[in-house]
Structures are given as structure tokens and as C-alpha cells.
2 protein chains.
Amino acid sequence: MVRLDSSDPNFATAFAHLLTVKREIAEDVDEAVRAIIADVVARGDAALVDFTRRFDRLGTDFSAEHLRVTDAEIAAAVAACPQESLEALRLAAERIESFHRAQRPTDHRATDALGVTAGWRWTALESVGLYVPGGTASYPSSVLMNALPARVAGVPRLVMVVPTPDGQINPLVLAAAQLAGVHEVYRVGGAQAVAALAYGTATIAPVAKVVGPGNAWVAAAKRRVFGQVGIDMIAGPSEVLILADGHANPDWVAADLLAQAEHDVAAQAILITDSADLADAVEVAVERALTTLPRQEIARASWRDYGAVIRVRTFDEAVPLVDRLAPEHLEIETQDAEALAAKVRNAGAIFLGSHTPEAIGDYVGGPNHVLPTARSARFSSGLGVLDFMKRTTILACTPESLRALGPAAINLGRSEGLEGHARSVAIRLNL
Amino acid sequence: MVRLDSSDPNFATAFAHLLTVKREIAEDVDEAVRAIIADVVARGDAALVDFTRRFDRLGTDFSAEHLRVTDAEIAAAVAACPQESLEALRLAAERIESFHRAQRPTDHRATDALGVTAGWRWTALESVGLYVPGGTASYPSSVLMNALPARVAGVPRLVMVVPTPDGQINPLVLAAAQLAGVHEVYRVGGAQAVAALAYGTATIAPVAKVVGPGNAWVAAAKRRVFGQVGIDMIAGPSEVLILADGHANPDWVAADLLAQAEHDVAAQAILITDSADLADAVEVAVERALTTLPRQEIARASWRDYGAVIRVRTFDEAVPLVDRLAPEHLEIETQDAEALAAKVRNAGAIFLGSHTPEAIGDYVGGPNHVLPTARSARFSSGLGVLDFMKRTTILACTPESLRALGPAAINLGRSEGLEGHARSVAIRLNL
């Protein structure tokens, strides 16, 4: 953990270093992924079955007809879930869906004084594939966060793929899929699943876009199939930046830092405060809270290697630091949280006030928890309904409006050396 | 050129072949691009100057202080432009800006019955770099189409890079930059320009996103810097699909097919019609029009290698074909153009009626001419204001609403094995 102070003469250098620290070890799986994709393209289901038998340690009696998770299997999984968790998932689904419904875009069309009608309309993608990791990273909340915006967008075919290592699957993941209206579920993971979604096999029809988190293999496969299909962002390790003043409760701040740090040894938790006392108290509180945290090894490594406590003289001084960090999650626990939030340009999501821990947003707040990491909040947004729709622009000229606009188009076409463009206008105007 | 008929028994196979034809020769420049980017990162301006001297054949007296195109140079270029072209550009800029103003998104915030406030706000990217190709592909219209949505979004720093091979630059490109409110222009191109925009040098401060068309080197560089900065789509060769019935004018249809074909030998122009007579007449008209077209060699190669005329029995039969082709440009010249357009899901832009040639949209229609190619209209949209903004979600709980939502979040956190998440909520509720 580093402790910085904006009044130190070498603060600028130390802060710049914090920005450039690489937190991810890039596993070089690209060549292996290329081969897997080529095999799925060439052999379809047979390749899917081979890879799934091998990587997920399923027996030789696993065959293509077992790829699809049946409705009966889903119903049995739902029946096996604790009632309280199902109710929590239902509450989460309702709130997430309600929040995203407000994101549905509106179509537009207007006719100008010349008589030109121009506008656009939004349509849902025809189909979407949702990747869900297996094992301990198999989060039902992420199923909701990825699938519900697609459902709200009106995507008519929503496909989920999830590996079942040793035949195991988290029943809450299947419950979340059912709640979110997923139409098809397949027990296949890794690059082979991404390839199947992008190119299709006899069992899995191809989709238009693949979304969802995954390990290095999944990320490499998504990069490779991009263009053949759309993809969402490639997520990096999670981050939180907390702005807190001397009124903040150090135990609460410490708990929020550790909620982030427990994700991953490469996660990053940063506190910026104008209070040296709070800085000290939070450091102590983190150490104390770590001792009883089940994932303390992970959280301790993240805090030790990437954690930071930065003291600033004023929060105005913090604003440009926030914008440069462009955190995935920004918690603001200061007296003037709203006013401070208004000054920030770059953040994936903002959590206002001391009663809004980031973890509420992970589950039941309503906004999406799939957010830009690794400073990409400078140029991108969290997942939303627009990621599952696309805009088609519309243009319609009347003979009169074509006559009004035509000469300018002809001039520009010729000035760009594109006589054919000019002629396609001129021929309609007898020019 | 292929001619297909939906009533042929092997139509499905022939159409599927049309979908999978690769039109681009992938130049393998990735390793060279990697080295160029590394050199710009390591040596900054010195590398930019070296590459620019070499690739653009500028003399050894070209140095870092010449990288920036001065205001005086821009003013001189504007003064050298034909008045009629400047006026056409001005008309185009006004119409494009006006169209895109309607795309500005609205912020949202609502407080629910529990007292949870949730919403989002949109902010402009802090800076954007616009790549403009040199030589014959240096299109002033593309400067407007890329820069104006950024200006409408409110991007406070808009940087343009453009190579000047042998010191030459199209003065209309500089005029377009001035009209579109570009703040800085640099005479540098290729992978080195993209690297400078992404990583910064002493002369060129880094940007948050790089947009604009370019050759294989530029495309490879954009792919490589993605993550460090945002990028727009990687554009492929242009395409038009025309739906026309027996009432359409075959000479107009032919002119529109050739306006597309003249772009590039890899461009694609397709006609789908329910009239065998129109199909025949358009074929004849294309051959006749080709004989006088300045870029006839290019257009002829495109039409010969990738052109298609498809006869369908009814336009209802055409709709799924359109959706599978997902054309960049869709012209509909049928009696019921509006109704037919409403049935199509996948298209970058639709041009309605026989008085709306696609070339009007290239210049002065208003909608953007940067559109998804290579079937990517299945999952993506043309360039617009949203490409230069990002959304930050906002969440604020009161003590009471945290008490209402907390138990569900705690349950889900524990069910996902994330006790730290659960504790960050529980600690605030004394649970």
C-alpha cells in the first residue's frame, strides 16, 4: 500500500506511477485460442464435445445431445436454491430491470424546411450470447446484469453458455438465467464456447454479439471473433476509489476498500481524503478487518500491492486526480457529495453518501455492475440497454429537396474525385 | 457479377456464398506497426519526425516544430479553396450539425418508493483524435462527419492528424477542420500518428479516443492502442444494397450501384428486385454508364467481382436476405418503401424513395456517413454523438433504503462467497 500526500514535492511523479502500474499479467493464450476457434469452425459440435470432455473433465459419455441444459434441469436447479436467495435474486432482477427500462432510447424523425426527412430508429440485436464463467467466479448477479438489459432492449434470442467443471454448476446461476428470461443455456465454456456463439454449430445457432466476463482464454477468444460478431468490453480487475472527508466512518470506509480488494489480488482500492486523521484511522481499520475476512489472503495482497491512501489539501485538488484515475467505482463520502460528484468527468459509476456502499450497486441498487475498468471510463460506459440495440439512420428526399441539396452534393463529390457520386445525384436532376 | 434468383433450387447455397465472400486482403503489417508504436512511446517527437520524413518523403529540414499546422497555414489553405466548394462544405456542416444535435442524450434520475435515488449522467470525452488519410482518400466530408458529432457532444479538445505526402494536403480538408471546430491539426499519419494520439509526445498531448478511417497500418495501430484509448469501428470496404421494383428508373439504379463501386475494387453493390425486366435493364445501364465513368477501372472490378443482382418473387422474401446481408447502405426504391423499411432489422442507414440517392447522404443529408460495414450492422450503429460521450451511473441510498435493500445484498454477497461485500453493507446496519 502506498501513502501519498499532494503537498509532497514529488507527488506528481508518485501519482503518475500509480496510474501506470500494470495490474494484470497478460497470459499468452492467443495461439491456443486461435487453434480452438479454428477447430470449432471446422468440426462444430464434435470439437465442442472434445474440448468440454477435456477441459471440464466430463466423461466420454458426454456428447452433443448433452450440450443443452434442459428446462427440467433448470427447474430442478431452481428447486434446489435456498428460498431466501431466490427472493433476493428476484428483488435484484426487478430493480435492475426497472432501472434499465428508463434507458430505452427513442426514435427520431423530422422534416426540415427544404422537405428533407431525416432521423433514426433503434432496433434490438437479433440474438445475443452471454458468457458466464464456471467455478467460484460463477456469479448469479452477473447473469442478471448482462441478461436483463438485453431483455429490456427486446433481444428475441438470448443464449447463455456456462462451463460445468466436473459437472458442477451453481444452481443460482440457472435460477438467474430463468429469472432474466434467457432462452437457451449450454454447458460449454472457454474459447470453444465463444467460437460456437460466433460461428455456430449444429446445436448452437450463431449470435450477433457476445457479452460477459471470462478468463484470459475467453477474453482472447472475444478479441478474435470481434467483427464476426460484436463483443462488449474486455473487463480488467475491479477498482474502487473512495473520496471521504473527516466525517466519514473509518470502519465503513475500510469495509468498502476490502469489499473491492477481496475480488482479486489484482483489484485496486484507493482512498483520497483531506483528513490525515481519517487516513490513519482507515489504515488501522483495514488491518483489523482483514484478520476476520474469509478471503483475507486475496484482499491483503491486493491492498498491499495496489492499495493507496492519498491525502489532498482540498477536494478540488482531488477532482483532476479522479479524472485521471477514471475509476470503475467512485464512492463519495463527503459533506458535499453531490457538488463534488458534479465536478468529476471520468467514472464508471458514482455512489453518493455514506449509506451507499458499492456492494449495494453490485446486487440490488438497479444500475449495472458491468463497468469500465483500467481507466477506460475516460472513453466508455457501463453496460446498458444501448449495448443490445443499434441505430439505423433514415433519410428521405422529395424531388424538390433533392433539387435544393443536389448541387452542393455534386460539387463535393467532384471535389473528392468521386464523379460517380456526383452523377447519381445529377442524373435525377437532369444536370 | 452474379445473378441469383430466389426461385432457383440452389439459391440458399449461392446466397450463403455471397455472405461469406472475403472482400478484403488482410495486409499483415502488425509486427511493423508494433515496432512503430514502441518507437513513438520510447522516443516521442523524434520518432514522429523520423517516420514522417521517411514515409511522407519530407526533407531533413522537417523537424518537430513543423508537426503542428499553424492557424496561418489553415487560413491560407481556406483562402485557396474554390468559393463554391466552401459554400457546399458550409451547407453540409450546418445540416450534419443540426441532425446530430438531436442525438444529444438526456440525463436521468429518479427516487423510488424505498428512497433509493438512481440514474445516470452523460459527459463528453475529455479529448478526441481524428485520423484523416492523406492523398486521394483525404475526404473533407469525412472530416465533417467525424468531427461534428464530437463537437456537438461537447468534447473540449479535438485533435486532427493528417499525413502530407510530399508536403501536399487537400486545402478543403483544412477548411473542413476549421468549419468543424478542430482545435489542433498535426501533419503526421500512419501508425505513428495513432501512437502519438494514444500515448502522447512532447508536441501532441494524448487523447481519450481515436476515430477516423485509414489504411491497413492505421487499422492495425488502432487495434493495438485499443484499451489505452477508445477507438471507433474498423471500417471495411463500402457497400450498398438497393431494393427496387419495376417502377424504378434503371439508369438511376445503375448510377447508385456505380457510386458505390467506384469507391474501391473491394466495394460491393447489390440489387434486389422483384422485376426481371428491371434486373435486365439495370445490367445494361451499368455497362453503359461504366464507359464514361472516370474511375471505371475500379468500379468495373468491384461490380465484376462482388456485384450481384438478385431476383425475388416478393419483397417479403427479400427482408430476411437484407437482414443477413446487414448492408452499410440500404436504398429502397419501391412503391411501399416506408412499409418495407419498417420490416428490416439490420442496416446502417436507409435511403427512402427514388429521390434519395445514397450520395446525398455522403455529403449533405445530415445523418452520418460513417457506418457499419462487413455485416456489422447486425450489432453496431453508425457514428454519432454517443460515440463521444460516456454515461456515469449514480446511486444514492438513504439510511432507510439501505436498511430495506441491505439484507438481500448481504444474502447475495454471501451466496457468491464474497463476505467482504456482505460486511460492507452489514456494518452500516449493525448486522
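Criteria and cut-off values
- Residues numbered from 1 in each chain as written.
- Chains lettered and ligands numbered in written order.
- Predicted model: local features only at pLDDT ≥ 70, side-chain atom pairs only at ≥ 80, totals over all residues.
- Heavy atoms only, no water.
- UniProt positions renumbered as here; feature names shortened; annotations may be inferred.
- Contact = heavy atoms within 4.5 Å.
- Buried area = accessible area lost by both parts, 1.4 Å probe.
- Salt bridge = Lys/Arg side-chain N within 4 Å of Asp/Glu carboxyl O.
- Polar contact = N/O pair within 3.5 Å; in protein donor to acceptor, adjacent residues only side chain to side chain.
- Helix = DSSP H or I, 4+ residues; strand = E, 2+ residues; numbered from the N terminus.
- Least-squares fit on C-alpha atoms with pLDDT ≥ 70 in both.
- Phe/Tyr/Trp six-rings, centres within 6.5 Å; stacked < 30°, edge-to-face > 60°.
- Buried < 20%, exposed > 50% of the residue type's maximum accessible area, 1.4 Å probe, protein only.
- 1 Å grid on protein atoms, 1.4 Å probe; cavity = no way out; pocket = protein on both sides within 12 Å on 5 of 7 lines; lining within 4 Å.
- Points joined across faces, edges and corners; volume = space filled by probe spheres on them.
- Pairing = 2+ DSSP bridges.
- Axes fitted to C-alpha atoms, helices over the stretch in contact; angles between N-to-C directions.
- Domains from an automatic or database assignment.

Per an unreviewed UniProt entry, the recorded name for chain A is Histidinol dehydrogenase, and the organism is Methylobacterium oryzae CBMB20. Of chain A, the UniProt comment under Pathway (unreviewed entry) reads exactly: "Amino-acid biosynthesis; L-histidine biosynthesis; L-histidine from 5-phospho-alpha-D-ribose 1-diphosphate: step 9/9." Of chain A, the UniProt comment under Catalytic activity (unreviewed entry) reads exactly: "L-histidinol + 2 NAD(+) + H2O = L-histidine + 2 NADH + 3 H(+)".

A few words now on the interface of chain A and chain B. With 118 residues of chain A at the contact, the number on the chain B side is 118 residues. Counting the surface lost from both chain A and chain B, the interface buries some 9,700 Å², and carbon and sulfur atoms represent 57% of this. Taken together, the connections running from chain A to chain B amount to eight salt bridges. Measuring nitrogen to oxygen at the nearest pair gives 2.8 Å for the salt bridge that ties A:Arg95 to B:Asp112. For the pair chain A and chain B, the number of links is 60 residue pairs in polar contact (both at pLDDT 80 or more). Counting residues per element, the side of chain A that touches chain B draws most heavily on helix α16 (residues 399-415) of chain A, at 10 residues.

Taken as rigid bodies, chain A and chain B are interconverted by a rotation of 180° and an axial shift of 0.0 Å, the fit giving an RMSD of 0.0 Å. The superposition operator between the copies reduces to a two-fold rotation axis. Residues of chain A ranked by C-alpha distance from the rotation axis are headed by A:Pro105, positioned 4.5 Å from it. A symmetric contact is evident, with 100% of the interface residues of chain A recurring at the interface of chain B.

This paragraph deals with the UniProt feature "active site" (unreviewed entry) in chain A. All names here are of chain A. When the UniProt feature table is mapped onto this chain, "active site" (unreviewed entry) is found at Glu-328 and His-329. Of note, Glu-328 is situated in the loop between α13 (315-325) and β12 (329-333). Not counting chain neighbours up to four residues away, the residues in contact with Glu-328 comprise Ser-238, Glu-239, Gln-260, Gly-348, Ala-349, His-369, Leu-371, Pro-372 and Thr-373. A distance of 2.9 Å separates a polar atom in the side chain of Glu-328 from a polar atom in the side chain of Ser-238. Mapped onto the fold, His-329 is located in strand β12. Not counting the four nearest positions on each side in its chain, His-329 is found in contact with Ser-238, Glu-239, Val-240, Leu-241, Gln-260, Ala-349, Phe-351, Glu-358, Asp-362 and Leu-371. Here Glu-239 takes part through its backbone oxygen, which lies 2.8 Å from a polar atom of the side chain of His-329.

Inspection of every chain in the model, using the stated rule, returns eight aromatic pairs over all chains. Ring geometry for A:Phe51 and A:Phe55: centres 5.9 Å apart, planes at 5°, overall stacked. With A:Phe51 and A:Phe55 both in helix α3 (residues 45-55) and four residues apart, the pair spans about one turn of that helix. Here A:Phe55 falls in the partly exposed class, since its relative accessible area comes to 33%. Pairing A:Phe99 with B:Trp120 gives two aromatic rings, centres 5.5 Å apart and planes at 80°, and the pair type is edge-to-face. Linking A:Phe99 in helix α5 (residues 83-101) with B:Trp120 in strand β3 (residues 117-124), this pair reaches from one chain into another. When its relative accessible area of 7% is taken as the criterion, A:Phe99 is described as buried.

Per the counting criterion, the structure on display carries 50 salt bridges over all chains. Residues B:Asp251 and B:Arg288 are paired through a salt bridge, measuring 2.8 Å at the closest nitrogen-oxygen approach. Highlighted residues: B:Asp251 in helix α10 (residues 250-261) and B:Arg288 in helix α11 (residues 276-290), separated in sequence by 37 residues. What emerges from the salt-bridge pattern is a single network uniting A:Arg3, A:Asp280 and A:Glu283.

Now for the layout of surface pockets. In this structure, the second largest pocket occupies an estimated 380 Å³ of space. Of all elements in the fold, only β3 (117-124) of chain A together with β3 of chain B reach the threshold of two or more residues within the lining of the second largest pocket.

As for its placement among the helices and strands, B:Asp112 is situated in the loop between β2 (108-111) and β3. A distance of 2.8 Å separates a polar atom in the side chain of B:Asp112 from a polar atom in the side chain of A:Arg95.

Turning next to the sheet that holds strand β8 (residues 230-231) of chain B. Residue and element names in this part refer to chain B. Pairing in this open sheet of five strands is parallel, and the strands run β6-β5-β4-β7-β8 from one edge to the other. Where the open sheet ends on each side, the last strands, each with one partner, are β6 (184-186) and β8. Looking at chain direction, strand β4 (residues 128-131) and strand β5 (residues 158-161) are connected through four bridges and run parallel. Paired with Leu-130 across the strands is Met-160, a residue of β5. Along the sheet face, helix α8 (residues 190-199) touches β4, β5 and β7 (209-211) and points at about 170° away from the line of β4.

So, about the UniProt feature "binding site: substrate" (unreviewed entry) in chain A. Taking the numbering used here, the UniProt-annotated feature "binding site: substrate" (unreviewed entry) corresponds to A:Ser238, A:Gln260, A:His263, A:His329, A:Asp362, A:Glu416 and A:His421. Judged by maximum C-alpha separation, these annotated positions cover 184 residues in sequence and are scattered in space, the widest gap reaching 55.6 Å. Inspection of the secondary structure assignment puts A:Glu416 in the loop between α16 and α17 (419-426). Tracing the sequence through the fold places A:His421 in helix α17. A residue is classified by how much of its surface remains accessible, and A:His421, at 1% relative accessible area, is buried. When residues no more than four places from it in sequence are discounted, the contact partners of A:His421 are B:Ala259, B:Glu262, B:His263, B:Ala359, B:Asp362 and B:Tyr363.

This part is about the side chain of B:Gln192. Mapped onto the elements of the fold, B:Gln192 is located in helix α8. Apart from the residues lying within four places of it in its own chain, the contact partners of B:Gln192 are B:Ile36, B:Val40, B:Leu48, B:Phe51 and B:Phe55.

The subject of this paragraph is the sheet that holds β3(B). Reading across from one edge, β1(A)-β11(A)-β10(A)-β9(A)-β12(A)-β13(A)-β14(B)-β3(B)-β2(B) is the order of the nine strands in this open sheet, with mixed pairing throughout. With partners counted over all chains shown, the strands left at the sheet margins are β1 (2-5) of chain A together with β2 of chain B, one partner each. Across the sheet, the mean angle separating the axes of adjacent strands is 15° when strand polarity is ignored. Direction of pairing for strand β9 (residues 239-244) of chain A relative to strand β10 (residues 268-273) of chain A: parallel, over a ladder of six bridges.

Turning next to the domain arrangement of chain A. By domain assignment, chain A separates into domain 1 (30-103 + 120-231), domain 2 (237-369) and domain 3 (395-426). Using only C-alpha atoms to locate each centre, domain 2 of chain A and domain 3 of chain A end up separated by 56 Å.

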